[in-house]
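Working through the structure, step by step
The lines below spell out each chain.
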Amino acid sequence: MRIILLLIFAFSLIITEAQKKPVKPVTTKPAQSKVIKLKTFLGKNENGAVVSLDEGLQLINFPLRVVDNNNERCTVLSYNFMYKRKAFLENEETGKKEIKYSSVGEEFKVTPLPQLWRD
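Every value quoted in this text rests on a predicted model; they were computed, and no experiment measured them.

What to know about the overall build of the protein
Regarding its fold elements, the protein presents three helices and six strands. Secondary structure of the protein in N-to-C order comes out as α-β-β-α-β-β-β-β-α. Here the protein holds 119 residues, and 12% of them are scored as buried. When contacts within the protein are restricted to residue pairs at least 6 apart in sequence, those whose partners lie at least 24 apart make up 43%. Accessible surface computed for the protein: about 11300 Å², of which carbon and sulfur atoms make up 59%.

Shown next as structure tokens:
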């Protein structure tokens, strides 16, 4: 008799557990953050302008500046500098010279560029 009562009690626990509604996790929406528009300056050029070789050779000596909407200066922790290198190669089959481009770049933590890159 005790075994039957124990089984009935165990089944009643299972049934009551099955009748419970699953608890939905509480989700909170992230706070809307303000979008800050930044401007970058290298010399007088703004936001990655395309420059000629002569301008580029002068600009690499200037520090990189970043300002926000209120023209307040921001600290630059690191940045990438890249340029395209133009090379002339001779095609071994035809003997003609061909132009090849390659990208050269590196990540920096100081501004202006290190002396090795400026020479």
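Comments concerning the layout of surface pockets
Approximately 1000 Å³ is the volume found for the largest pocket. Looking at the largest pocket, it is lined by 30 residues, and the ones nearest its centre are V51, G56, F81, M82 and Y83. Contributing elements (two or more residues each) for the lining of the largest pocket: β1 (39-42), β2 (45-46), α2 (53-59), β5 (79-90) and α3 (115-118). Grouping the amino acids of the lining of the largest pocket by side-chain chemistry returns 18 nonpolar, eight polar and four charged.

Side note on the sheet that holds β1
Pairing between the strands of a sheet is mediated by backbone hydrogen bonds and can be parallel or antiparallel. Read from one edge of the open sheet, four strands run β2-β1-β3-β4, paired in antiparallel fashion. Two strands close off the open sheet at either side, each with one partner strand: β2 and β4 (73-74).

Quick look at the nonpolar core
In terms of nonpolar packing, the biggest core is built from seven residues, these being I60, L64, Y79, V104, F108, L113 and W117. Apart from the residues within four sequence positions on either side, L113 is in contact with I60, Y79, F81, F108 and R118.

Quick word on the confidence of the model for the protein
Per-residue confidence for the protein gives a mean pLDDT of 78; residues scoring 70 or more make up 81%. Of all secondary-structure elements in the protein, the lowest mean pLDDT belongs to helix α1 (residues 2-19), at 52, while strand β6 (residues 97-108) reaches the highest, 89.

Quick look at the environment of L59
Examined against the element boundaries, L59 turns out to sit in helix α2. In sequence terms L59 and R118 are 59 residues apart; their C-alpha atoms lie 9.6 Å from each other. Ignoring anything within four residues of it in the chain, the contact list for L59 reads L42, G43, N45 and V51.

Things to note about the side chain of D68
As for its position among the elements, D68 is in the loop between β3 (64-67) and β4. Although D68 is buried, it makes no salt bridge; K39 carries the closest opposite charge, 9.5 Å away. Looking at D68, its side chain comes within polar contact range of the main-chain nitrogen of N70, at 3.0 Å. Not counting chain neighbours up to four residues away, the residues in contact with D68 comprise I36, K37, L38 and C74.

Rules used throughout
Residues numbered from 1 in each chain as written. Predicted model: local features only at pLDDT ≥ 70, side-chain atom pairs only at ≥ 80, totals over all residues. Heavy atoms only, no water. Helix = DSSP H or I, 4+ residues; strand = E, 2+ residues; numbered from the N terminus. Buried < 20%, exposed > 50% of the residue type's maximum accessible area, 1.4 Å probe, protein only. Contact = heavy atoms within 4.5 Å. Areas by Shrake-Rupley, 256 points an atom, 1.4 Å probe, with all protein chains shown as cover. 1 Å grid on protein atoms, 1.4 Å probe; cavity = no way out; pocket = protein on both sides within 12 Å on 5 of 7 lines; lining within 4 Å. Points joined across faces, edges and corners; volume = space filled by probe spheres on them. Nonpolar A, V, L, I, M, F, W, Y, C, P; charged D, E, K, R; others polar. Pairing = 2+ DSSP bridges. Core = buried A, V, L, I, M, F, W, Y, C linked by side-chain atoms within 4.5 Å. pLDDT = per-residue confidence, 0-100. Lys, Arg positive; Asp, Glu negative; His and termini not counted. Salt bridge = Lys/Arg side-chain N within 4 Å of Asp/Glu carboxyl O. Polar contact = N/O pair within 3.5 Å; in protein donor to acceptor, adjacent residues only side chain to side chain.

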